[in-house]
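Spelled out, the chains give:
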Amino acid sequence: MTDIVAVYDVLVVGCGPGGFAAATHASQAGLHTACVDRRASLGGTYLVDGAVPSKTLLDESYFYRLLQQHKLVEQRGVRLPPARLNMQAAQAGLKQNIERLGKVYKSELSKYNVTVYKGTASFKTPHRVEIAQHGEGGFIVEAKYIIVATGSAIVQCPGVAIDETRVVSSSKALSLDYVPPRFSIMGGGTIGLEIACIFNNIGSRVTIIESQSEICQNMDSELASATKRLLQSQGIVFLLDTRVQCAERDAAAQLNVTLLDKRSQETFAHQCDVLMVSIGRRPLLQHLNISKIGLSEQDFVENVDEQTQSLLKFPHIKPIGDVTLGPMLALKAEQQAARAIQSILSADSIETSNFNFPPNVLYCQPQIAWVGYTEQQLVASHIPYQTGKAFFSQNIRYNTLMPQEDTALPAFIKVFVDSRDLKILGVHIINSDANELLSQASMAVSLGLTAHDVCKVAFPHPSLSESFKQAAQLAMADAGSPSINIRE
Ligand SMILES: Cc1cc2nc3c(=O)[nH]c(=O)nc-3n(C[C@H](O)[C@H](O)[C@H](O)COP(=O)(O)OP(=O)(O)OC[C@H]3O[C@@H](n4cnc5c(N)ncnc54)[C@H](O)[C@@H]3O)c2cc1C
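Here the structure is a predicted model, which is why all the values come from computation and not from measurement.

1. What to know about the UniProt feature "domain: FAD/NAD(P)-binding" (unreviewed entry) in the protein
Then, number 1: Look at the UniProt record and you will see "domain: FAD/NAD(P)-binding" (unreviewed entry) annotated at residues 8-337.
Then, number 2: From the first C-alpha to the last, residues 8-337 spans 17 Å; its make-up is 32% helix and 27% strand.

Next up, the structure:
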């Protein structure tokens with residue numbers, strides 16, 4: 001067997017948000033730590049082909065779209081020359097930014113004395129991992145604990161082969177340096193909708209093909225239908241209850257997509273220049289050779305102690321982030337990383353975080369954000385609730401801001417409270433700054449605050465956040481329940 005080159009307390013496999021957080025926590029706690037990633041740049045999906053490129057391009061493309069709408073800007077006295085878009089320059093700027101942030105990851109790890117290896121890790125024994133580059137035989141490192149933070153990969157669809165030219169993944173879509181005239185997306189979830197907005201903003205004709213009867217299954221139904229109306233008003237076309245059967249390229253390099261209307265059971269043809277497949281993501285364990293140590297993918301899904309992030313079969317192996325069950329979000333990866341390291345240091349002091357209701361944001365314009373129960377969930381769980389809904393059109397700060405596009409969709413914040421004790425159960429927002437507004441809502445839901453608690457707090461004036469307080473007040477006044485019990 002190849003020699004062991006180093007022995008660590010903790011080896012972290014994968015350096016996305018989860019792996020990075022695990023490595024820095026471990027090293028700060030005095031554990032001898034190393035981290036390995038197979039990509040050229042650190043930062044994982046999040047930095048290289050996920051949140052960072054999608055949010056950057058969303059912002060840039062929205063700015064471009066606003067510049068096209070002279071009337072809005074001119075109302076405020078600004079005169080502009082016609083704006084032109086250079087996608088190659090936008091991509092070059094994005095690449096530079098990703099490289100810069102990748103270097104920040106690297107220098108932070110070096111500051112904390114974490115050894116960084118570049119290569120693909122695979123198990124040799126439960127405590128030994130081989131690190132190889134380009135499929136060549138590598139070297140072995142040994143560790144007392146191994147954190148598996150290898151992330152996720154896209155789910156493929158039979159009959160729709162991804163060639164990364166005409167049929168593309170989200171990673172490829174986010175690196176296109178041209179504007180496809182017709183851009184279609186298979187899947188109306190958050191990732192699909194955000195990328196739809198980018199291409200719609202820069203002038204593609206965008207169609208979303210969704211096999212369900214609604215987009216964004218995990219959203220409150222009022223918010224989901226408002227989102228659909230909003231995006232339709234911006235020009236995006238939705239084909240709901242429609243399934244992609246196959247996609248073939250013709251001699252003219254056009255993509256012919258065969259669609260099935262689930263209601264009529266009839267097939268029809270759809271043409272586009274690029275089709276993005278965005279029907280979900282699955283845990284990525286492919287390169288780890290887990291079968292070598294007698295593990296299966298099932299062990300990572302079903303047989304994990306969530307309190308300590310440990311595999312039941314091998315408690316020293318701790319999966320975190322997208323590779324685990326539940327929402328695939330960077331914040332989950334980071335919180336699980338902290339928990340995994342805490343469990344190594346002392347099983348007694350593990351803090352539990354509220355993962356049941358992570359905050360969610362769809363970064364379209366205006367943004368859609370939500371935390372906690374949806375109305376469907378409240379009804380299904382038989383929880384008595386009261387609702388307060390405040391429109392931002394009544395908010396002073398909102399009225400001092402640059403006018404947003406006329407989307408014919410009123411921006412609002414909706415609060416659900418438990419009728420029995422006025423605990424805030426869910427908050428749902430449409431507003432250009434919804435991501436920032438959601439933080440206080442998330443705090444209220446996680447900490448179990450009541451509408452009464454929120455109303456006792458002084459909010460800055462004028463501020464958008466005052467609408468949260470107003471909605472909480474309205475929820476208290478919603479006389480749905482006869483048995484209101486205000487906690488002091
Ligand atoms: C388009 C898009 C937009 C998104 N937007 C958001 C958002 O707005 N907010 C949010 O919270 N989340 C967002 N996400 C999800 C977020 O990116 C993930 O939840 C997050 O990256 C998961 O972190 P992780 O550390 O588990 O894995 P990753 O970030 O995927 O990192 C895993 C790393 O492990 C490496 N690796 C895999 N196998 C091996 C191996 N055998 N050896 C060595 N290295 C290996 C991979 O190369 C990768 O670098 C988005 C995702 C996508 C695709």
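Let us keep going from here.
2. Quick notes on unusual backbone geometry
Then, number 1: Here the bond from Gln-365 into Pro-366 is cis, since omega is -10°, no more than 30 degrees from zero.
Then, number 2: Within the element layout of this structure, Pro-366 appears in the loop between strand E20 (360-362) and strand E21 (367-372).
Then, number 3: Along the chain, His-461 connects to Pro-462 via a cis peptide bond; the corresponding omega equals -5°.
Then, number 4: Assignment of secondary structure puts Pro-462 in the loop between helix H14 (451-456) and helix H15 (466-477).
Then, number 5: Positive phi is not limited to glycine here, since Cys-216 has a value of about 45°.
Then, number 6: Positionally, Cys-216 belongs in the loop between strand E10 (205-209) and helix H8 (221-233).
Then, number 7: Notably, Asn-289 is not glycine yet its phi reads approximately 55°, a positive angle.
Then, number 8: Position of Asn-289 relative to the elements: it lies in the loop between strand E16 (281-283) and helix H9 (297-301).

3. Brief notes about the site of the ligand
Then, number 1: Taken together, 35 residues surround the ligand, and among them Asp-37, Thr-45, Lys-55, Asp-322 and Ala-330 come closest.
Then, number 2: Arg-39 places a side-chain nitrogen or oxygen 3.2 Å from an oxygen atom of the ligand.
Then, number 3: At a separation of 2.7 Å, an oxygen atom of the ligand approaches a polar side-chain atom of Thr-45.
Then, number 4: When contributions to the shell around the ligand are tallied by element, the ones reaching two or more residues are helix H1 (17-28), strand E2 (33-37), helix H2 (44-48), helix H3 (51-68), strand E4 (120-125) and helix H10 (330-345).

4. Remarks on the pairing of strand E24 (residues 424-431)
Remember that side chains alternate between the two faces of the sheet whenever the strand is regular.
Then, number 1: For E24, the tally of buried residues reaches eight of eight residues, placing the bulk of the element in the interior.
Then, number 2: Two strands pair when backbone bridges link them, and E21 and E24 are joined in this way by six bridges, in the antiparallel orientation. Each bridged residue has a counterpart across the sheet, and for Val-371 the counterpart in E24 is Val-427.
Then, number 3: Pairing geometry for strand E23 (residues 412-418) and E24, over five bridges, is antiparallel. Bridging from a neighbouring strand, Lys-414 pairs with His-428 of E24.
Then, number 4: The hairpin formed by E23 and E24 contains five residues between the paired strands, and Leu-422 there has a positive phi angle of roughly 65°.

5. Concerning H10
Then, number 1: Taking 1.5 Å as the rise per residue, H10 with 16 residues should run 22 Å; its terminal C-alpha atoms sit 23 Å apart, in good agreement.
Then, number 2: Looking at H10, one finds that the buried residues are Lys-332, Ala-333, Gln-336, Ala-337, Arg-339, Ala-340, Ile-341, Ser-343 and Ile-344.

6. A word on the packing of aromatic side chains
Then, number 1: Here the structure, examined in full by the defined rule, presents eight aromatic pairs.
Then, number 2: Taking 6.3 Å as the distance between ring centres and 80° as the angle between the ring planes, the aromatic pair formed by Tyr-8 and Tyr-117 counts as edge-to-face. Of the two residues, Tyr-8 is situated in strand E1 (residues 4-13) and Tyr-117 in strand E3 (residues 115-118); the sequence distance between them amounts to 109 residues. With respect to class, Tyr-8 is no different from Tyr-117; both count as buried.
Then, number 3: On the basis of an interplanar angle of 85° and a centroid distance of 5.5 Å, the ring pair of Tyr-385 and Phe-416 is categorised as edge-to-face. With Tyr-385 in strand E22 (residues 385-391) and Phe-416 in strand E23, this pair connects stretches of sequence that are 31 residues apart.
Then, number 4: Of the residues examined, Tyr-385 reaches a relative accessible area of 24% and is grouped as partly exposed.
Then, number 5: Through successive ring pairs, a cluster of aromatic residues spans Tyr-8, Tyr-117 and Phe-139.

Thresholds, definitions, all that
Along each chain, residues carry numbers from 1 onward, in the same order as the chain's sequence is written. Side-chain atom pairs in this predicted model are given and counted only at pLDDT of 80 or more, local residue features only at pLDDT of at least 70, and totals for whole chains, interfaces and linings cover all residues. Hydrogen atoms and water are omitted, and side-chain values are computed over all heavy atoms in the structure. UniProt positions are given in the numbering used here, feature names are shortened, and annotations may be inferred rather than shown by experiment. Secondary structure is summarised from DSSP: a helix means a run of H or I of at least four residues, a strand means a run of E of at least two, and numbering begins at the N terminus for each. Consider each residue's heavy atoms; a residue with any of them within 4 Å of a molecule or strand counts as near. Any pair of nitrogen or oxygen atoms within 3.5 Å is treated as a polar contact; in protein, a donor-acceptor pairing is required on top of that, and neighbouring residues in sequence qualify only through side-chain atoms on both sides. Three labels apply to residues, based on accessible area from a 1.4 Å probe with only protein chains included: buried if under 20% of the type maximum, exposed if over 50%, partly exposed otherwise in between. Any two strands with at least two DSSP bridges between them are considered paired. Any helix carries an expected span of 1.5 Å times its number of residues minus one. For Phe, Tyr and Trp, rings pair up if their centres lie within 6.5 Å, where Trp contributes its six-membered ring, and each pair is then called stacked (planes under 30 degrees apart), edge-to-face (over 60) or tilted (otherwise).

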